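Coordinates in review
Chain by chain, the residues:
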Amino acid sequence: MSFKFRLQRILELREQHEQAKARALASARDTAEAAHRAKDEIANLRDHSKQQISTTANNGPRIGHLHQLGFVLASLDERVLLAADAAKLADSDVQKAQGMLEEAARDRRVLDRLKSRHADTWRADSAHKDRVAMDEIALAQFSRKAGLNAADDAASSNTPIDGSHS
């Protein structure tokens, strides 16, 4: 298995990991939004109950009715605190998911750069091998031409040195 293929496979796995983290972040955000909506609904119900107690107190209600509304209000206050804690926890989960997504994206970018550098190195090595091969071909052609020229020179120099022709 070549380095390039392994690097591509690792990069694909990192992309899948990043996508999974993005889905987890979206899920955490949805959960946080639901927790905030629930907290807001309980807070609105508590506010409505407070208004009802004020209205009832002004109309001269019975003590039992006020006691019951006070109990409901205390219960709603407790539920608001629990819902606020749940919303804080959901927000914390969103922050963690965001951090994990950023980490996954950073890891993928590192592998992308490594793959790019490897491709650049491969292209440079390939170009160098091509140049070496072309240089060898040119040198072989030059040697062959030099050999042919030397043979031609030797054939034409077979004439006697004294200038007489045989």
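Everything numeric here is computed off the predicted structure, so don't read it as measured data.

Quick notes on the rules
Residues numbered from 1 in each chain as written. Predicted model: local features only at pLDDT ≥ 70, side-chain atom pairs only at ≥ 80, totals over all residues. Heavy atoms only, no water. Helix = DSSP H or I, 4+ residues; strand = E, 2+ residues; numbered from the N terminus. Buried < 20%, exposed > 50% of the residue type's maximum accessible area, 1.4 Å probe, protein only. Contact = heavy atoms within 4.5 Å. Areas by Shrake-Rupley, 256 points an atom, 1.4 Å probe, with all protein chains shown as cover. Core = buried A, V, L, I, M, F, W, Y, C linked by side-chain atoms within 4.5 Å. Salt bridge = Lys/Arg side-chain N within 4 Å of Asp/Glu carboxyl O. Patch = residues over 30% accessible without salt bridge, like charges linked within 9 Å, V, L, I, M, F, W, Y side chains within 5 Å. Lys, Arg positive; Asp, Glu negative; His and termini not counted. Charge placed at Lys NZ, Arg CZ, Asp CG, Glu CD.

Topic: the overall build of the protein
Each helix and strand in the protein was counted, giving two helices and zero strands. Of all 166 residues assigned to the protein, the portion counted as buried reaches 17%. A sequence separation of at least 24 residues applies to 85% of the contacts in the protein between residues at least 6 apart. Total accessible area on the protein is roughly 12600 Å²; 56% of this is exposed by carbon and sulfur atoms.

Points about the nonpolar core
Membership of the largest hydrophobic core is limited to nine residues, which are Leu25, Ala28, Ala32, Ala35, Ala87, Ala90, Val94, Ala97 and Leu101. Tallying contributions element by element places helix 2 (residues 63-156) first for this core, with five residues. Apart from residues no more than four positions distant in its own chain, Ala35 is found in contact with Ala83, Ala86, Ala87 and Ala90. Residues Ile42, Ala43, Leu76 and Ala83 belong to the second largest nonpolar core, which totals five residues.

Here we look at the pattern of salt bridges
Following the criterion strictly, the structure yields eight salt bridges and no others. A salt bridge links Glu18 to Arg108; the shortest N-O distance between them is 2.3 Å. Of this pair, Glu18 sits in helix 1 (residues 3-58) while Arg108 sits in helix 2, and the two are 90 residues apart along the sequence. The exposure class assigned to Glu18 is buried, which follows from its relative accessible area of 16%. The exposure class assigned to Arg108 is buried, which follows from its relative accessible area of 19%. In this structure, the salt-bridge partner of Asp120 is Arg123, at a minimum N-O distance of 2.4 Å. In this pair, Asp120 and Arg123 both sit in helix 2, three residues apart, roughly one turn of the helix.

Remarks on a positive patch on the surface
Among the surface-exposed residues, Arg106, Arg109, Arg113 and Arg117 lie close enough to one another that they form a single positively charged patch. Along the chain, Arg109 turns up in helix 2.

Quick word on the side chain of Lys21
Position of Lys21 among the secondary structure elements: in helix 1. Buried Lys21, no salt bridge; nearest opposite-charge side chain is Glu103, N-O distance 8.3 Å. Sequence-distant contacts of Lys21, that is, excluding residues within four places in its chain, are made with Met100, Leu101 and Ala104.

A short note on the environment of Leu69
Counting through the fold element by element, Leu69 comes out in helix 2. Take Leu69: its relative accessible area is 10%, and that puts it in the buried class. Sequence separation of Leu69 and Ser49 is 20 residues, and the distance between their C-alpha atoms is 7.2 Å.

Some remarks on the environment of Val72
Mapped onto the secondary structure, Val72 falls in helix 2. With a relative accessible area of 33%, Val72 lands in the partly exposed category. On a C-alpha basis, the gap between Val72 and Lys50 in space is 9.7 Å, while along the polypeptide they are 22 residues apart.

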